[in-house]
Amino acid sequence: MGNKWTETYLIHSNDIDFKSEARLSVLLSLAQRTADADLEQLGATRDQMIEAGMGWMLITMDLRINRMPKALEQINVETWNKGPRGALWQRDFVIYGIGGEILGEACSIWALVDIQKRRMLRPSKFPFDVYINEEDSAGEAP
């Protein structure tokens, strides 16, 4: 197993829909927060990224949901960086229920961008060390 990062979240009442299930936008937001936390623990904080004139832009995501979390359910969101493919980066996610049940999986493609020029940057321009985990997979890249 390669490097993975996991964050634990509680689904609050303001995160749910009329069926008492988490809204899709909430799951996507928690996935992004987990990816941010993974990069921050490696030293690439949001402030450092902005200072370097860089940001991440989501290009596409393939998300498969087995079951939506319910109100007051605790979930774990696990993520890992699969590394660059050409000019783009792949990051995978798995969302677990508290008993280890896989609630959903996602494969995403991101671009590193120059926030001033609004242009994509080559992966070699990323000034931080990033752990790459090519062994684990949440599925095919979208």
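Residues numbered from 1 in each chain as written. Predicted model: local features only at pLDDT ≥ 70, side-chain atom pairs only at ≥ 80, totals over all residues. Heavy atoms only, no water.

Side note on the overall build of the protein chain
Per the secondary structure count, the protein chain includes two helices and six strands. For the protein chain, the succession of helices and strands along the chain, N to C, is β-α-α-β-β-β-β-β. Relative to its length of 142 residues, the protein chain is compact, with a C-alpha radius of gyration of 15 Å against a globular reference of 14 Å. Seen along its three principal axes, the alpha-carbon backbone of the protein chain occupies a region of about 45 × 30 × 25 Å. A total of 142 residues make up the protein chain; the buried ones form 42% of that total. Summed over all atoms, the accessible surface of the protein chain reaches about 8000 Å², with 49% contributed by carbon and sulfur. A distance of 7 Å separates the average location of the 16 positive side-chain charges in the protein chain from that of its 21 negative side-chain charges. (Helix = DSSP H or I, 4+ residues; strand = E, 2+ residues; numbered from the N terminus. Rg over C-alpha atoms; globule rule 2.2 N^0.38 Å. Buried < 20%, exposed > 50% of the residue type's maximum accessible area, 1.4 Å probe, protein only. Areas by Shrake-Rupley, 256 points an atom, 1.4 Å probe, with all protein chains shown as cover. Lys, Arg positive; Asp, Glu negative; His and termini not counted. Charge placed at Lys NZ, Arg CZ, Asp CG, Glu CD.)

What about the packing of aromatic side chains?
All told, the structure shown has four aromatic pairs when counted by the stated rule. Ring centres of Trp89 and Phe126 lie 5.8 Å apart, and the angle between their planes is 65°; this geometry places the pair in the edge-to-face category. One end of the pair, Trp89, is in strand 4 (residues 88–97); the other, Phe126, is in the segment after strand 6 (119–120), and 37 residues separate them in sequence. Here Trp89 falls in the buried class, since its relative accessible area comes to 7%. Through a chain of ring-to-ring contacts, three or more aromatic side chains come together here, namely Trp56, Trp89, Phe126 and Phe128. (Phe/Tyr/Trp six-rings, centres within 6.5 Å; stacked < 30°, edge-to-face > 60°.)

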